[in-house]
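Chain by chain, the residues:
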Amino acid sequence: MQVNLIAVGNRMPDWVAQGYEEYARRMPPECRLRLIEIAAGKRGKSADIQRIVQQEGEKMLAAIPPGSEVIAMDVEGRHWSTEQLAGQMENWMQQGRDTTLLVGGPEGLAPACRQRADRLWSLSAMTFPHPLVRIILAEQLYRATTILRNHPYHK
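Within each chain, residue numbers correspond to sequence positions counted from 1 in written order. Reporting of local features is limited, given that this is a predicted model, to residues whose pLDDT is at least 70; pairs of side-chain atoms are given and counted only at 80 or more, and all residues count toward the totals for whole chains, interfaces and linings. Neither water nor hydrogens contribute to the side-chain values; these are computed over all heavy atoms in the structure.

Draft legend 1. Representation of the sheet that holds strand β1 (residues 2–8). By the convention used here, strands pair only if DSSP detects at least 2 bridges between them. By the criteria applied, helices consist of DSSP H or I runs no shorter than four residues and strands consist of E runs no shorter than two, each listed in order from the N terminus. Across the sheet, 5 strands lie side by side as β2-β1-β4-β3-β5; this open sheet has parallel pairing. Edge positions in the sheet fall to β2 (32–38) and β5 (119–122), since each has one partner strand and no second. Adjacent strand axes in the sheet meet at a mean angle of 35° when their direction is disregarded. Bridging between β1 and β2 involves 7 bridges; their strand directions are parallel. Counterpart to leucine 5 in the pairing with β2 is leucine 35. For this analysis, residues touch if any pair of their heavy atoms sits within 4.5 Å. Fitted lines through C-alpha atoms give the axes, limited to the stretch in contact for helices. The angle between two N-to-C directions lies from 0 to 180 degrees. Across the sheet, helix α2 (residues 49–63) lies against β1, β2 and β4 (99–103), angled at about 145° from β2, the strand it touches most.

Below is the structure:
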């Protein structure tokens, strides 16, 4: 099984790349984590943000691997505890179906991405910077796998 993380933004600060890579590298072979970066549209004073978000969304949708369950990261989504995420991951692995997580840019996800999603997941009622979400997701996915393996990391 593979978890695909499709995220807007491709020029992240070193600390973001290092944080994400640290947890992605720790993932077990039966549950690999792969980052697919979508270039962010150019934003400026007179930029048409709605159009930019729509174009980013189209690129994200095109990057979804066929047959993958799609989960959009959205503030209106369901909240899962880490233990509930571990249960979700166990189901994903038993199904043998890849999972794709969609993370939008500064203005969030395009409506088409939310519509395409099989479900919506919210990390928190708080708003996080989109680069930080990559690290949080990678860490929580890793933590969930440690729960499934009875590894002491979660304690």
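Having seen the model, we can carry on.
Draft legend 2. Just the packing of aromatic side chains, in detail. Here a pair means two rings of Phe, Tyr or Trp (six-membered ring of Trp) with centres within 6.5 Å. Their orientation is stacked below 30 degrees between planes, edge-to-face above 60, and tilted elsewhere. Across all of its chains, the model carries 3 aromatic pairs by this definition. Look at tryptophan 80 and tryptophan 121: their rings are 4.7 Å apart centre to centre, the planes differ by 25°, and that puts the pair in the stacked class. Separated by 41 residues along the polypeptide, tryptophan 80 in the loop between β3 (69–79) and α3 (82–95) and tryptophan 121 in strand β5 bring together distant segments of the chain. For the pair tryptophan 80 and tryptophan 121, one class covers both residues: buried. An aromatic cluster is built from Tyr23, Tyr142 and Tyr153, whose rings are joined through pairwise contacts. Per-residue accessibility, obtained with a 1.4 Å probe over protein chains only, is compared with the maximum for each type, and a residue is labelled buried under 20%, exposed over 50%, and partly exposed between these values.

Geometric values such as these leave the question of function open.
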